[in-house]
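# Residue-level structure breakdown
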Amino acid sequence: MTNNIQLNSDGKLKHFLSIEGLDQTLLTEILDTAASFVNPSDGQIKKVPLLRGKTIVNLFFENSTRTLTTFELAAKRLSADVLNMNITTSSTAKGESLLDTIRNLEAMFVDMFVVRHAISGAAHFIAQQTAQHISVINAGDGQHAHPTQAMLDMFTIRQHKGDFSKLRVAVIGDILHSRVARSEIQALNTLGVAEVRVIAPKTLLPAKVETLGVTVCHDLKQGLADIDVVMMLRLQKERMTSALLPGESEYFKCFGLTEEKLLYAKPDAIVMHPGPINRGVEIDSKVADGKQSVILQQVSNGIAVRMAIMAMAMQHNGVNV
Ligand code: CP
């Protein structure tokens, strides 16, 4: 038995809301399942009938390019019927509550909600309220979690580096406001990396950040020493309620990743970014488009990884992955 709302009584995934509470075996099963969808010879993703007859609704209350699109493609590759709710033209604008929106969609025989919301805990709330047979996937909630982004990033790291146990990973930038950072740190530690190092100005780090299982550095060049994986984050200006930085150009001078600063990491280090990237703020174009960048591979990997998570979460609904 488990008290984790994400897991069934037999320990199988039902909802995917956070990396927290999931063990290494389950995270590895997600990565292996995702790999099984990718054709090794050309990297193309097969269409499979796993979710034929299932209905998935993408409920995005916040903007998205990568996550919404790859969830839609993933659902289609799994042969599900998929509907993208346009929240700006829905009855939410007329005052309908989140719960009433969910109840109405449930009445249309939905099997899965994929939820992005500006409020931390929104996906968890829906998972608690929705009918038993429905699975909920968190596509990013407030500053809390973005677990599918973390898993596609783990998939990308494994593609390039293999074994996690010897890796030193630097997460750089606005950790304070980043749901991606929280999920990445949890996933990296669960998969057993040697070190997760956060590099940021003090104003962009949460209080007691060390308790997340990271080492801390405030200098980019020093912090990049011995690093295998460089993960850049954008400044989440939409979540900043006060002036935390002197300005973007000053930030770029100190924490922006340039070709010159990247030389301080290991020569074969890969450069990652969940997107959207802000060129000239946290990353120089020559690095974003350079030979060490795997940023667009992260996007491609989002399809197979989201397929794996959706298929595994439907196992309780009679799906055999
Ligand atoms: N990484 C990410 O969540 O990007 P989108 O906001 O475009 O979905």
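Basis of the calculations
Numbering of residues starts from 1 in each chain and follows the order in which that chain's sequence is written. Local features in this predicted model are restricted to residues of pLDDT 70 or higher, and side-chain atom pairs are both shown and tallied only at a pLDDT of 80 or more, whereas totals for entire chains, interfaces and linings draw on every residue. Hydrogens are left out, water is left out, and the side-chain values use all remaining heavy atoms of the structure. The way it works is that DSSP assigns letters per residue, a run of H or I at least four long becomes a helix, a run of E at least two long becomes a strand, and they are numbered from the N terminus. What a helix is expected to span follows from its residue count: subtract one and scale by 1.5 Å. Note on exposure labels: buried denotes an accessible area under 20% of the residue type's maximum, exposed denotes more than 50%, and partly exposed covers the range between, all computed with a 1.4 Å probe on protein chains only. Taken from the helix axis, the directions to the C-beta atoms give the arc we talk about. Any two cysteine sulfur atoms lying within 2.5 Å of each other are counted as a disulfide. Segmentation of the chain into domains, including their bounds, is taken from an automatic or database domain assignment. Throughout, a contact is declared for two residues whenever any of their heavy atoms are within 4.5 Å. Buried surface area refers to the total accessible area, computed with a probe of radius 1.4 Å, that the two partners give up upon joining, counted for both partners together. Any Lys or Arg side-chain nitrogen located within 4 Å of an Asp or Glu carboxyl oxygen qualifies as a salt bridge. At least two bridges found by DSSP between two strands are what make those strands a pair. Angles here are taken between N-to-C directions and fall from 0 to 180 degrees, while the axes themselves are lines fitted to C-alpha atoms, restricted in helices to the stretch in contact.

## Digging into helix H2 (residues 66-77)
- For H2, built from twelve residues, the straight-helix expectation of 16 Å at 1.5 Å per residue is met to within 8% by its first-to-last C-alpha distance of 16 Å.
- Turning to H2, its buried residues are Thr67, Thr70, Phe71, Ala74 and Ala75. Take H2 and look down its axis: the buried residues cluster within an arc of 140°, on one side only.

## Points about the state of the cysteines
- What the rule picks out here adds up to zero disulfides.
- A disulfide-free cysteine, cysteine 217 has its sulfur positioned 12 Å from the sulfur of cysteine 254, the nearest such atom.
- Residue cysteine 217 is classed as buried on the basis of its relative accessible area of 13%.
- The class for cysteine 254 is partly exposed, based on a relative accessible area of 37%.

## Quick notes on the domain arrangement of the protein
- Entries for the protein in the domain assignment read domain 1 (24-146 + 300-317) and domain 2 (147-294).
- Spacing between the C-alpha centres of domain 1 and domain 2 amounts to 26 Å.
- Residue-level contacts link 28 residues of domain 1 with 27 residues of domain 2.
- Here domain 1 packs against domain 2, burying approximately 2200 Å² in sum over the two surfaces, 59% of which is carbon and sulfur.
- Of the charged contacts in the structure, one is a salt bridge between aspartate 32 and arginine 158, with a shortest N-O distance of 2.9 Å.
- Contributions of two or more residues to the side of domain 1 that touches domain 2 are made by helix H1 (24-36), H2, strand S3 (112-117), strand S4 (135-141) and helix H11 (295-313).

## As for the sheet that holds strand S8 (residues 229-232)
- The strand order across the open sheet built from five strands is S7-S6-S5-S8-S9, with neighbouring strands paired in parallel fashion. Whereas interior strands pair on both sides, the edge strands pair on one side only; in this sheet they are strand S7 (215-217) and strand S9 (270-272). Across the sheet, the mean angle from the axis of one strand to that of its neighbour is 20°, orientation sign disregarded.
- Relative to S9, S8 runs parallel, the two being bridged by three bridges. Among the inter-strand pairings, valine 230 is bridged to a residue of S9, identified as valine 271.
- Its contacts with the sheet put helix H6 (residues 179-190) on strand S5 (168-172), strand S6 (195-199) and S8, and the angle it makes with S6 is roughly 160°.

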